[in-house]
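Spelled out, the chains give:
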Amino acid sequence: MKSELLKWWQTIKISWSTHTAYRLNFFLQIIGPALVFFFVKYNLWSSIYAGDKLIQIEGYTFSTMINYHVWAFIVGLLGQGHNSMNLSEDIRLGRISTYLIYPFDFWEFHSSSFIAFQFLQIFVTLISIIILYSTGIIEFHGTFAFLHGYLYTLFVSVFWFCLQFFTGILAFWLEETWIIRVMFLISTSFFSGAIIPLEFFPKAMVSILNYTPFPYLTYYPIKIFLGELTNLWAPYGILFLWIGILIAINTFIWKRGIRLYSGAGM
Amino acid sequence: MIKCQNLTKNFQSYIKEPGITGSIKALFTRNYIEKSAVANFNLEIKSGEIIGLLGPNGAGKTTLMKMFTGIIVPTSGTLEVLGFKPHERDKEFRKKISLVMGQKSQLWWDIPAMDSFLLLQKYYEIPKKSFTQRVAYLSELLEVKKLLHIHVRKLSLGERMKLELMASLLHDPEIIFLDEPTIGLDLLAQENIRDFIKAYHQEHKVTLILTSHYMADVAALCKRLVLIFDGKKRFDDPIENFEKILGQEKIVSFTFSKTQEPLDPIWEGLDATWSAAKDYVELRIPEEDLRKVSKKILEEKEVSEFSTEKMPIERVMKTLLTNPELLRKGDEI
């Protein structure tokens, strides 16, 4: 057990070194997309509220809407910052061969790398929050709501990691998986409430969406940060169930896919 | 140690016509083909042997290596390495083997080699004391002490290869698979790597499976050669017998006091290789014709020197590569 933990710990340390080998690239890579996405949404909602910034649309004034999206930025950074963009390419170009030789399974290596990334992301997110708070851009809704929201978003990142792993290992069958990843990303952005809060969606649609993982990726974590959520069984229960389903699917796909692996380029 | 019977690996791919029309067509219909990379391969390797796997590009050498190491799963047949089925990728099995790929770095590019070694120490569960001793011993032998703390991306290919070798030996593996370990290296670096492998084998008696296109590697290291062609085994014998694959032929060299005419019918069918000045030739002569042909040349030409020698494996391989029909008509073994 101890030796297994040491393997994970050493891999995490190596991942830190590799993630931060190119510092500027690292910061741009993790903070850039979330920041651009935030400014696109800021402009969108500025135009919508342009006539009257005090008007309420579905219970949101302009400032509460922006506060919602600043928290969406934090959730995106911490919960969906990790991407396994290289996984499908690594499979297609045979770069995972090395990891199949080591007595440390590939999923363990990949997961350790994710944990290492999340440690760095916790640090980056905290700095972002401090900057946003000290400049008055973000509003706090109590220490408990903040800590709870933070922990829940880390839970969300586990789901996101499993989803990324799933789209990555489809490369055992598909030559290119980026379009699938883009489709997932667009669907997630829309149905998770990252662009439009779920209050704007038809009620029937929301009740269906509540059984999918989407709203638990952005909308519910924001609501936890805002201290507006009391019933927590669904955010935990349903996401937990989806994580379990994804782990089972990933295990199945990996076992089947590895039989097709050709170890190209060696 | 390694035993395979009727080992087969097929790969599926599809034929795509060139250009955008081909790409659109491929969206709707694909003409799949199945290619056999290794077919009904039988092999037995004993502990401590050094085997050279030879064959042209695409013959199936690397596919075999990948099956032996568990990277890919065989289509059919049986394979046992150290009592394990490699494709099941048991962790105990993985601890007992190592693979060095000349064309692929296994060290992490953006960190010094020593950091990678520390990671491998944890992966292979090497006790700290043994690890320290092993690093000291191998870095001394490979003369890389000064390179251990430099980022791998800053090293030359030769330096990196030495560290790759070092990484693969840290856990004291029982079998080492070397896939073109000297590819791209200059002559001196090739020799250094070869000398190290030879010295390491003499001391540790590990089993070594080597693929290389450099016959100097094979000649210096391997006692037994296995030739693969079109996924099938065509030769499996001690290196001394390799020339017999071409039949009973001898290499005879003649030096002449005058320039010769290479188109002279006397050289026909003898696979003549001329010097630039056309005053030296190497001929491949069937053993039964050796006397008759040599006598004729000595009588008709002004020969100043002549000698016969065993055919070097490089020459045998070259002959096989330029005349693949020699192998195709031969029996699969």
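Residues numbered from 1 in each chain as written. Chains lettered and ligands numbered in written order. Predicted model: local features only at pLDDT ≥ 70, side-chain atom pairs only at ≥ 80, totals over all residues.

### Comments concerning the overall build of chain A
Next up, step 1: When helices and strands are tallied, chain A shows eleven helices and zero strands.
Next up, step 2: In sequence order, chain A lays out its α and β elements as α-α-α-α-α-α-α-α-α-α-α.
Next up, step 3: What you see for chain A is a C-alpha radius of gyration of 20 Å, in line with the 18 Å of a compact globule of 266 residues.
Next up, step 4: On the principal axes, the C-alpha backbone points of chain A span a range of 65 × 40 × 35 Å.
Next up, step 5: Here chain A holds 266 residues, and the buried ones make up 35% of them.
Next up, step 6: In chain A, the proportion of contacts linking residues at least 24 apart, taken out of those at least 6 apart, comes to 79%. (Helix = DSSP H or I, 4+ residues; strand = E, 2+ residues; numbered from the N terminus. Rg over C-alpha atoms; globule rule 2.2 N^0.38 Å. Buried ≥ 20, exposed ≤ 12 C-beta atoms within 10 Å, placed from the backbone. Contact = placed C-beta atoms within 7 Å.)

### Some details on the overall build of chain B
Next up, step 1: Of regular secondary structure, chain B possesses eleven helices and 13 strands.
Next up, step 2: By its C-alpha atoms, chain B is 75 × 60 × 40 Å across when sized along the principal axes.
Next up, step 3: Out of the 333 residues belonging to chain B, those deemed buried represent 37%.
Next up, step 4: Sequence-distant contacts in chain B: of pairs separated by 6 or more residues, those separated by 24 or more amount to 73%.

### Side note on the interface of chain B and chain A
Next up, step 1: Each partner contributes residues to the interface: chain B has 28 residues there, and chain A has 22 residues.
Next up, step 2: Elements supplying a minimum of two residues to the side of chain B that touches chain A: α2 (61-69), α3 (91-96), β5 (97-101) and α4 (113-123) of chain B.
Next up, step 3: Per element, the largest residue contribution to the side of chain B that touches chain A is five residues, and it comes from α4(B).
Next up, step 4: A per-class count over the side of chain B that touches chain A returns twelve nonpolar, five polar and eleven charged. (Nonpolar A, V, L, I, M, F, W, Y, C, P; charged D, E, K, R; others polar.)

### Concerning the nonpolar core
Next up, step 1: Counting 123 residues, the largest nonpolar core has B:M166, B:F177, B:I209 and B:L210 as the members making the most contacts within it.
Next up, step 2: Top element by residues in this core is helix α3 (residues 62-79) of chain A. It accounts for eleven residues.
Next up, step 3: Residue assignment places this core across two domains, with domain 1 (45-242) and domain 2 (247-328) of chain B each supplying three or more.
Next up, step 4: Those residues in contact with B:I209, other than ones at most four positions away along the chain, are B:I51, B:L53, B:M65, B:F68, B:I175, B:F177 and B:L178.
Next up, step 5: Judged by nonpolar contacts, the second largest core, of five residues, contains B:F254, B:L283, B:I285 and B:I297. (Core = buried A, V, L, I, M, F, W, Y, C linked by C-beta atoms within 7 Å. Domains from an automatic or database assignment.)

### Comments concerning the domain arrangement of chain B
Residues and elements named next belong to chain B.
Next up, step 1: Structurally, chain B comprises domain 1 (45-242) and domain 2 (247-328).
Next up, step 2: For domain 1 versus domain 2, the separation of C-alpha centres amounts to 37 Å.
Next up, step 3: Considered class by class, the residues forming the side of domain 1 that touches domain 2 number eight nonpolar, no polar and one charged.

### Details of α4(B)
Next up, step 1: Taking burial as the measure, the eleven residues of α4(B) include nine buried ones, the bulk of the element.
Next up, step 2: If you check which residues of α4(B) are buried, you get B:A113, B:D115, B:S116, B:F117, B:L119, B:L120, B:Q121, B:K122 and B:Y123.
Next up, step 3: Summarising the contacts, the buried residues of α4(B) are in contact with α1 (2-19) of chain A together with α5 (128-142) and α6 (157-169) of chain B.
Next up, step 4: Residue B:E125 follows α4(B) closely and has a positive phi angle near 55°.

### Some remarks on the sheet that holds strand β11 (residues 273-274) of chain B
Residue and element names in this part refer to chain B.
Next up, step 1: Pairing in this open sheet of four strands is antiparallel, and the strands run β11-β12-β10-β13 from one edge to the other. For this open sheet the edge positions go to β11 and β13 (303-309), each flanked by a neighbour on one side alone.
Next up, step 2: Strand direction decides the pairing type here: strand β10 (residues 249-256) and β13, joined by six bridges, are antiparallel. Within β13, the position partnered with F254 by the bridge is F306.
Next up, step 3: Relative to β10, helix α9 (residues 290-300) is tilted by about 10°, and along the sheet it contacts β10, β12 (280-286) and β13. (Pairing = 2+ DSSP bridges. Axes fitted to C-alpha atoms, helices over the stretch in contact; angles between N-to-C directions.)

### Topic: the sheet that holds strand β6 (residues 175-179) of chain B
The strands making up a sheet associate through backbone hydrogen bonding, with each pair oriented either parallel or antiparallel.
Residues and elements named next belong to chain B.
Next up, step 1: In space, the six strands of this open sheet follow the order β5-β6-β7-β3-β8-β9, with mixed pairing throughout. Strand pairing shows two members of the sheet lacking a second neighbour, β5 and β9 (232-238), which therefore form its edges. Taking the axes of each pair of neighbouring strands and ignoring which way they run, one obtains an average angle of 15° across the sheet.
Next up, step 2: By the bridge criterion, four bridges tie strand β3 (residues 50-54) to strand β7 (residues 207-211) in an arrangement that is parallel. The residue bridging G52 from the neighbouring strand is L210, located in β7.

### With respect to the confidence of the model for chain B
Next up, step 1: Of all residues in chain B, 95% have pLDDT values of 70 or greater, and the mean over the chain is 86.
Next up, step 2: Under the prediction, the complex receives an ipTM of 0.82, its pTM being 0.81. (pLDDT = per-residue confidence, 0-100.)

### Quick word on the packing of α6(B) against helix α7 (residues 187-204) of chain B
Residue and element names in this part refer to chain B.
Next up, step 1: α7 packs onto α6 with a crossing angle of 15° between their chain directions and a minimal axis gap of 10 Å. Put simply, α6 runs roughly parallel to α7. Here α6 runs over α7; the crossing is right-handed. Where α6 abuts α7, its residues G158, M161, L165 and L169 lie against A189, I193, F196 and Y200.
Next up, step 2: Split by residue class, the contact of α6 with α7 holds seven nonpolar, one polar and no charged. (Parallel < 35°, antiparallel > 145°, perpendicular 65-115°, else oblique. Left-handed = near helix turned anticlockwise from the far one by under 90°.)

### Regarding the packing of helix α7 (residues 143-169) of chain A against helix α11 (residues 233-257) of chain A
All names here are of chain A.
Next up, step 1: Viewed as axis vectors pointing N to C, α7 and α11 meet at an angle of 25°, and their least axial separation amounts to 9 Å. Between α7 and α11, the interaxial angle falls into the category roughly parallel. Seen from above, α7 lies across α11 with left-handed handedness. Taking contact as the criterion, the partners of Y152, F155, V156, V158, F159, C162, L163, F165, F166 and I169 in α7 are, on α11, P235, L239, W242, I243, L246, I247, I249, N250, I253, W254 and G257.
Next up, step 2: In the contact of α7 with α11, the residues fall into 19 nonpolar, two polar and no charged.

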